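# A closer look at the structure
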Amino acid sequence: MKNISLLGATGSIGIQTLDVIEQHPEQFRLTAISFGKNVEKGMEIIEKFKPRIIAVQDKKDAEDLRMRLGGQSLVYYGQEGLIEAAVAREAHILVNAVMGSVGLVPTIHAIQAGKDIAIANKETLVTAGHIIMELAEKHNVSLLPVDSEHSAIFQCLNGENAQQVDRLILTASGGSFRDYTREQLADVTVDEALNHPNWSMGAKITIDSATMMNKGLEVIEAHWLFNMPYSKIDVILHKESIIHSMVEYKDGSTLAHLGNPDMRVPIQYALTYPERLELAPSKRLNLWEIGKLHFKKMDMERFRCLKLAYLAGEKGGTMTTALNAANEAAVGLFLERKISFLAIEEYIEKALEHHEFIEQPTLEEIQAIDTHTRQYVQSLLN
Ligand code: NDP
Ligand code: MG
């Protein structure tokens, strides 16, 4: 029996994680959850799973929940709440499925408490990869990828010696506007951007997929998780999202991971690794039904956010912190319908130029850059 602490329980990954837990009651127990503002959904989860610890975003919601639950669970809020849920003493593993760099500090605390981490929250690795990787090694904690590309690469690497690997190849579906020219992108709407062809995900990552920043963040995530230089990480367009990623070995052998696009599979694998759980035959891949798979070279000018992510990654230090914070802020403004789709990359580019670079930042410096970059992006509105 594995006890699970789940941050971001009301989100897309959170709900799918709960699905996995519910389908395997003999394997998993939910012991702690966090969510943001969706108290209604949160209450449904609490009633069904009865976690011992609950963390919400706002104090007021925490007070209401304490009244409603009358001592049934411990209720916390804010960053302290996220930390309490992340380090729940009986938890064996933390599933970090919050959105954004708010996931960083609780992840650090969980690692220090010796919890393994199933990491969906890629922003944490993008903003402070060196801190997380060093700490995980020091505390002998496993970081298990949930992101489908990284789960695929993790499986294709299969413990092989890094010297044998020539390239990691991440596949990208292309997002909502994969067939649009740059001219056509000028006046796309929020609703159009939220309409992803292959995956149903949270709003922020769906926009990231449309701008291709999601793949950029994933390149940086892969750099940290697999200790691979950026020159050995490639991206290829693959519109069907059937191949989730590949590893090319130095003898030219390329191993690919295939599956239907369903996040419950990589979530489950991160929870059971190195074991696998049965998937119903009806849900498995049917290649003769799919018939054809397509691939296309990535155009870095068309998808400028991907180029920015490579540049930031190569530069390292706080460059990726600024990239991530600027992206979170700019996507927020786009979702609030305050800026256009193409302004997202413009704002990020400006924030990267504006930001005062630190090569080996401490946690405090990362947090300061994150705050400052968000403020700067807001200031661009005026
Ligand atoms: P969602 O937006 O669907 O969910 C985010 C979760 O985080 C919700 O539970 C939300 O709470 C909570 N949350 C958001 N902001 C805060 C905050 N400031 N404080 C506390 N809690 C907060 O996101 P996804 O599930 O789509 O994505 C989560 C992470 O997983 C992201 O890093 C994403 O990149 C990554 N990922 C997602 C995939 C997917 O298929 N969705 C695939 C691969 C990676 P509430 O809604 O209650 O306010
Ligand atoms: Mg992914």
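Remember, it's a predicted structure, so these values are computed and weren't measured experimentally.

## As for the overall build of the chain
When you go through the chain residue by residue, the secondary structure sums to 17 helices and 12 strands. Taking 2.2 N^0.38 as the reference for a compact globule, 382 residues should give roughly 21 Å; the C-alpha atoms of the chain span a radius of gyration of 20 Å, in line with that estimate. Dimensions of the chain, computed from the C-alpha atoms along their principal axes, are close to 55 × 55 × 40 Å. The proportion of buried residues among the 382 residues of the chain is 47%.

## Considering the environment of Asp299
Along the chain, Asp299 falls in the loop between strand 12 (296–297) and helix 14 (304–315). Considering only alpha carbons, one finds Asp299 and Val235, 64 residues apart in sequence, at a separation of 9.9 Å.

## A look at the site of ligand 1
For ligand 1, the set of nearby residues contains 30 residues, the closest of which are Gly11, Gly36, Asn38, Met201 and Gly202. Of all the secondary-structure elements, those providing two or more residues to the shell around ligand 1 are helix 1 (12–23), helix 6 (122–138) and helix 10 (203–211). Considering only residue class, the shell around ligand 1 consists of 13 nonpolar, 12 polar and five charged.

## Concerning helix 6
Look at helix 6: only 21 Å from first C-alpha to last across 17 residues, short of the 24 Å you get at 1.5 Å a residue. Along helix 6, the positions that sit buried rather than exposed are Lys122, Glu123, Thr124, Leu125, Val126, Thr127, Ala128, Gly129, Ile132 and Ala136. A positive backbone phi angle near 55° is found at Asn140, which sits one or two residues after helix 6.

## Structural notes on the packing of helix 10 against helix 11 (residues 213–226)
Relative to each other, helix 10 and helix 11 sit at 95°, their axes nearing to 5 Å. The angle between helix 10 and helix 11 falls in the class roughly perpendicular. Touching Ile205, Asp208, Ser209 and Thr211 of helix 10 are Met213, Asn214 and Leu217, all from helix 11.

## Considering the pairing of strand 4 (residues 74–77)
By the bridge criterion, four bridges tie strand 3 (residues 53–56) to strand 4 in an arrangement that is parallel. Residue pairing in the sheet places Ala55 in a bridge with Tyr76 of strand 4. In the classification by handedness, the crossover that spans strand 3, the intervening helix 3 (residues 59–69) and the parallel strand 4 is right-handed.

## What about the pairing of strand 10 (residues 243–249)?
Two faces make up the sheet, and in a regular strand the side chains alternate between them. In the sheet, strand 8 (residues 165–172) pairs with strand 10 via five bridges, with the strands oriented antiparallel. In the strand pairing of strand 10, Ile169 is matched with Met246. Here strand 10 pairs with strand 11 (residues 254–258) via five bridges, running antiparallel. When the sheet's bridge partners are listed, Val247 is paired in strand 11 with Leu255. With antiparallel pairing between neighbouring strands as the criterion, strand 10 and strand 11 make up a hairpin whose turn holds four residues, including Gly252 at a positive phi of roughly 85°.

## Some remarks on the domain arrangement of the chain
Under the domain assignment, the chain is made up of domain 1 (2–141) and domain 2 (161–259 + 300–379). For domain 1 and domain 2, the distance between their C-alpha centres works out to 25 Å. Of the residues lining the interface, 14 residues belong to domain 1; the matching set on domain 2 comes to 18 residues. Here the side of domain 1 that touches domain 2 takes nine residues from helix 6, the largest share from any one element. Grouping the constituent residues of the side of domain 1 that touches domain 2 by class yields six nonpolar, six polar and two charged.

## Details of the sheet that holds strand 10
If you trace the five strands from one edge of the open sheet to the other, you get 11-10-8-9-12, paired in mixed fashion. Where the open sheet ends on each side, the last strands, each with one partner, are strand 11 and strand 12. Direction of pairing for strand 8 relative to strand 9 (residues 233–237): parallel, over a ladder of five bridges. Residue pairing across strands places Leu168 opposite Ile233, the latter belonging to strand 9. Running at roughly 35° to strand 10, helix 7 (residues 148–157) makes contact with strand 8, strand 10 and strand 11 of the sheet. Lying over the sheet, helix 11 contacts strand 8 and strand 9, oriented at roughly 150° with respect to strand 8.

## Structural notes on the UniProt feature "binding site: 1-deoxy-D-xylulose 5-phosphate" (unreviewed entry) in the chain
Under the feature "binding site: 1-deoxy-D-xylulose 5-phosphate" (unreviewed entry), the UniProt entry names Lys122, Ser148, Glu149, Ser173, His196, Ser209, Asn214, Lys215 and Glu218. For Ser148, the position within the fold is in helix 7. According to the C-beta neighbour criterion, Ser148 is buried, with 24 such atoms within 10 Å. Not counting residues within four places of it along the chain, the set of residues in contact with Ser148 comprises His244, Met263 and Pro266. Structurally, the position occupied by Lys215 is in helix 11. On the basis of neighbour counts, which here come to 25 C-beta atoms within 10 Å, the residue Lys215 falls in the buried class. When neighbours within four sequence positions are excluded, Lys215 is seen to be in contact with Leu170, Ala172, Val235 and Leu306.

## Re the UniProt feature "binding site: Mn(2+)" (unreviewed entry) in the chain
Sites flagged by UniProt as "binding site: Mn(2+)" (unreviewed entry) map to Asp147, Glu149 and Glu218. For the annotated residues, spread through 72 residues, the largest C-alpha to C-alpha distance comes to 8.4 Å, consistent with a single compact locus. Residue placement: Asp147 occurs in the loop between strand 7 (143–145) and helix 7. Look at Asp147 and you get buried, because 28 C-beta atoms sit within 10 Å. Residues contacting Asp147, with those up to four places away along its chain left out, are Ala120, Lys122, Glu218 and Glu221.

Conventions we followed
- Residues numbered from 1 in each chain as written.
- Chains lettered and ligands numbered in written order.
- Predicted model: local features only at pLDDT ≥ 70, side-chain atom pairs only at ≥ 80, totals over all residues.
- Helix = DSSP H or I, 4+ residues; strand = E, 2+ residues; numbered from the N terminus.
- Rg over C-alpha atoms; globule rule 2.2 N^0.38 Å.
- Buried ≥ 20, exposed ≤ 12 C-beta atoms within 10 Å, placed from the backbone.
- Near = placed C-beta within 6 Å.
- Nonpolar A, V, L, I, M, F, W, Y, C, P; charged D, E, K, R; others polar.
- Expected span 1.5 Å × (residues − 1).
- Axes fitted to C-alpha atoms, helices over the stretch in contact; angles between N-to-C directions.
- Parallel < 35°, antiparallel > 145°, perpendicular 65-115°, else oblique.
- Contact = placed C-beta atoms within 7 Å.
- Pairing = 2+ DSSP bridges.
- Right-handed = clockwise from strand over helix to strand, strands pointing away.
- Domains from an automatic or database assignment.
- UniProt positions renumbered as here; feature names shortened; annotations may be inferred.

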